[in-house]
Protein chains: 2
Amino acid sequence: MLSAKMEDYLKAIYRLERDGTPPVATSTIADTLDVAPPTATSMVETLADRELVEREKYKGVTLTPEGETVALEVIRHHRLLETFLTEELGYDWSEVHEEAEILEHHISEEFERRVAAALDNPDVDPHGDPIPSDTLDPIDDIPASALADYGEGRRLLVARVRDRDPEELTYLDGAGIRPGVELVVEEVAPIGMVTVRLDSGETVALPDHIADAVQVRSPEDAADEVSEA
Amino acid sequence: MLSAKMEDYLKAIYRLERDGTPPVATSTIADTLDVAPPTATSMVETLADRELVEREKYKGVTLTPEGETVALEVIRHHRLLETFLTEELGYDWSEVHEEAEILEHHISEEFERRVAAALDNPDVDPHGDPIPSDTLDPIDDIPASALADYGEGRRLLVARVRDRDPEELTYLDGAGIRPGVELVVEEVAPIGMVTVRLDSGETVALPDHIADAVQVRSPEDAADEVSEA
DNA sequence: CTTTTCAATTAGATTAGTCTAAATCAGCGT
DNA sequence: ACGCTGATTTAGACTAATCTAATTGAAAAG
Ligand SMILES: [Mn+2]
Ligand SMILES: [Mn+2]
Ligand SMILES: [Mn+2]
Ligand SMILES: [Mn+2]
């Protein structure tokens, strides 16, 4: 059996592999999980012994297929829980992350199945992130980029919202910016500010660090994909 | 903060205090939690340092008010979870215990509040055990005794069913014996067998060890209490 | 008032996960 | 090619929870 800690390390490595280019450096893992570098070294050593990561000393690690499966399992738990807490227990969109971060390690497979069934097997969580299937096949991320990347004047669909910082989420939620919403970029100010107009007609100004949390795509692409499926 | 282990020890001590006469012996705790005696000794020492139990060396321990509050908190979590899993996720009556045994230590106070609200603040769990209030006031147990204690011929109300062994629960559930059901004791055989008749007319024979799991009371007493409240 | 018995504690070791401080290695800049 | 620098690993220590083996103590039996 794997400890909650090991699961968190694998999940972190999974995410870091996606973000950057593998292998993932020990110090990056240490930063992400807020532990001292030797702690990360020692943990990746155990993960390597368990064949959950491939490790090259002084270089870093990459997940093995088994390691990736574990990561996907934990992510599935996490996102199903976030969806469940939001839909069934009335949690606020911004407060589910912390709870899911813990429970993801403690629910049984039975619980996972029943929650998935109760939610009618959802494939995205409340933040717009894809939920791994019960067979834990590799996810292909929905292609989307930061709000400012499309330039001004484009009509865009909010694909997902990064769930790292609850404050950001509360702000965005209050402003009416959620996955599924469409908006137009009015202005990308060089000062570090993006202004968008919602369908309600309202105009919202977002400081860069918050705008970065909003991942958008073109509505046409989204429509194409639906017709494919 | 208290670890999951410490919470389990406090919950066990709470239950053992109810069952027998305090103080609770170290070896009893060790047996209950399935650890070696020195393990229990060392843990009750830490609990005493934290002032969660009163300890007299070579005698045993009793919960302090703070320790009792922690125990009640964990029991509240456990029983709310059991109720929730049964009512909202369609768990079988007999399979909720194990899941609740783990999750009880990991849900937040927010989760507790929301689950309680979703269930409309229940005061008994699916096995008929009382759920501590959110203020964690001491519970007064619903008075009830083992099936055989009333003698033959009495009409009785099933108050609760001990949730220790899932096999027993499955058997009893299959036989239609659940909290709230009324039945008549047909025969208490000296061989170690109790036969009861349900309202459906069906007769069920129960070996002693299973009959002991069924806690009953007189229907009149139950009615009295309802009118009091 | 001894002796015996066995529960309880002490002693000492183990594992997981963490830390700080010290040593070392890889890769860049000259 | 050489050495500097910073990332990485090693060394050594700590805490929580557990174990086995040895010791001690309390309380019953004689
Ligand atoms: Mn986590
Ligand atoms: Mn799972
Ligand atoms: Mn437990
Ligand atoms: Mn609580």
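Preceding block: the structure.
Within each chain, residue numbers correspond to sequence positions counted from 1 in written order. Written order determines the labels here, with chains lettered from A and ligands numbered from 1. Side-chain atom pairs in this predicted model are given and counted only at pLDDT of 80 or more, local residue features only at pLDDT of at least 70, and totals for whole chains, interfaces and linings cover all residues. The basis for every side-chain value is the complete set of non-hydrogen atoms in the structure, without hydrogens or water.

Structural notes on the sheet that holds strand E6 (residues 193–198) of chain B
Residue and element names in this part refer to chain B.
And then number 1: Here a strand pair is declared whenever DSSP counts at least two bridges between the two strands. The secondary structure listing takes helices from DSSP runs of H or I that are at least 4 residues long and strands from runs of E that are at least 2 residues long, numbered from the N terminus. In spatial order, the strands read E3-E8-E4-E5-E6-E7; together these 6 strands make up an open sheet with antiparallel pairing. Edge positions in the open sheet fall to strand E3 (145–146) and strand E7 (203–207), since each of these has one partner strand only.
And then number 2: Pairing between strand E4 (residues 155–161) and strand E8 (residues 214–217): 4 bridges, direction antiparallel. From the neighbouring strand, Leu157 faces E8, where its bridge partner is Arg217.
And then number 3: Two residues form a contact once any of their heavy atoms are found within 4.5 Å. Only the contacting stretch of a helix is used when fitting its axis, a line to C-alpha atoms as for every element, and angles between N-to-C directions run 0 to 180 degrees. Together, E4, E6, E7 and E8 form the strand contacts of helix H7 (residues 166–175), whose direction differs from that of E7 by roughly 165°.

Some details on the relation of the copies chain A and chain B
And then number 1: Least-squares superposition of the copies uses the C-alpha atoms of those residues scoring a pLDDT of at least 70 in each of them. For the match of chain A to chain B, the screw axis carries a shift of 0.0 Å, the RMSD comes to 0.1 Å, and the turn is 180°. Read as a symmetry element, the transformation amounts to a two-fold axis.
And then number 2: Mapped onto chain B, 100% of the interface residues of chain A are again interface residues, and the two copies thus contact each other with one and the same surface.

Some points on the coordination of the manganese ion (ligand 4)
All names here are of chain B.
And then number 1: Donor atoms: N, O and S within 2.8 Å of the metal, or within 3.2 Å for Na, K and Ca. Because water is excluded, sites can look incomplete. Of the protein atoms, only Glu73 (OE), Glu73 (OE), His77 (NE2), Glu109 (OE), Glu109 (OE) and Glu112 (OE) coordinate the manganese ion (ligand 4), at distances of 1.8 to 2.8 Å.
And then number 2: Around the manganese ion (ligand 4), the 6 donor atoms are arranged such that angles at the metal cover 51 to 151°; this shape is classified as irregular.
And then number 3: Going along the chain, you hit the donors of the manganese ion (ligand 4) in the pattern E-x3-H-x31-E-x2-E. Of this pair, His77 sits in helix H4 (residues 65–87) while Glu109 sits in helix H6 (residues 109–118), placing them 32 residues apart in sequence.
And then number 4: The classification of residues rests on relative accessible area computed with a 1.4 Å probe and restricted to protein chains. Under 20% of the type maximum is buried, over 50% is exposed, and intermediate values are partly exposed. According to the relative accessible area criterion, His77 is buried, its value standing at 5%.
And then number 5: Look at Glu109 and you get partly exposed, because its relative accessible area is 35%. Geometry is assigned from donor-metal-donor angles: four donors are tetrahedral when every angle falls between 85 and 135 degrees, four are square planar and six octahedral when opposite donors sit over 155 degrees apart with all other angles between 65 and 115, and any other arrangement is irregular.

Topic: the packing of aromatic side chains
And then number 1: Any Phe, Tyr or Trp ring, taking Trp's six-membered ring, that has another such ring centre within 6.5 Å forms a pair; planes under 30 degrees apart are called stacked, those over 60 apart edge-to-face, and the others tilted. Across all of its chains, the model carries 1 aromatic pair over all chains by this definition.
And then number 2: Cation placement over rings: the criterion is NZ of Lys or CZ of Arg within 6 Å of the ring centroid and within 35° of the ring normal. Taking the ring centre of Tyr91 of chain B as reference, the NZ or CZ of Arg114 of chain A above it sits at 4.9 Å.

Quick notes on the interface of chain A and chain B
And then number 1: Contacts between the two partners involve 18 residues from chain A, matched on the other side by 18 residues from chain B.
And then number 2: Here chain A packs against chain B, burying approximately 1500 Å² in sum over the two surfaces, 63% of which is carbon and sulfur.
And then number 3: Take the accessible area each of two parts loses on contact, using a 1.4 Å probe, and add the two losses: that sum is the buried area. By the criterion of area lost to chain B, the three top residues of chain A are Leu89, His106 and Arg114 of chain A, representing 39% of everything that side buries.
And then number 4: Put simply, a salt bridge is a Lys or Arg side-chain nitrogen that is within 4 Å of an Asp or Glu carboxyl oxygen. Put simply, chain A and chain B have 2 salt bridges between them.
And then number 5: We define a polar contact as two N or O atoms separated by no more than 3.5 Å, with the added condition that, inside protein, one atom must be a possible hydrogen donor and the other a possible acceptor, whereas residues neighbouring each other in sequence contribute only through side-chain atom pairs. At the boundary of chain A with chain B, the tally comes to 11 residue pairs in polar contact (both at pLDDT 80 or more).
And then number 6: Looking at the side of chain A that touches chain B, the elements with two or more residues in it are helix H4 (65–87), helix H5 (96–103) and helix H6 (109–118) of chain A.
And then number 7: If one sorts the elements of the side of chain A that touches chain B by residue count, H6 of chain A sits on top with 5 residues.
And then number 8: In the side of chain A that touches chain B, the residues fall into 10 nonpolar, 3 polar and 5 charged. Under the convention adopted here, Pro, Cys and the residues Ala, Val, Leu, Ile, Met, Phe, Trp and Tyr are nonpolar, Asp, Glu, Lys and Arg are charged, and Gly plus all remaining residues are polar.

Description of unusual backbone geometry
Backbone phi values are negative for most residues with the exception of glycine, while trans is the configuration of most peptide bonds.
All names here are of chain A.
And then number 1: At the junction of Pro22 and Pro23, the peptide bond is cis and its omega measures out at -5° in the coordinates.
And then number 2: Mapped onto the fold, Pro23 is located in the loop between helix H1 (4–19) and helix H2 (26–33).
And then number 3: We note that Glu51 has phi near 60°; this positive angle belongs to a residue other than glycine.
And then number 4: Following the sequence through the fold, Glu51 ends up in the loop between helix H3 (37–49) and strand E1 (53–56).
And then number 5: For Asp120, which is not a glycine, the phi torsion comes out positive at approximately 65°.
And then number 6: With respect to the helices, strands and loops of the structure, Asp120 is situated in the loop between H6 and strand E3 (145–146).

Worth remembering: the numbers are spatial, not functional.
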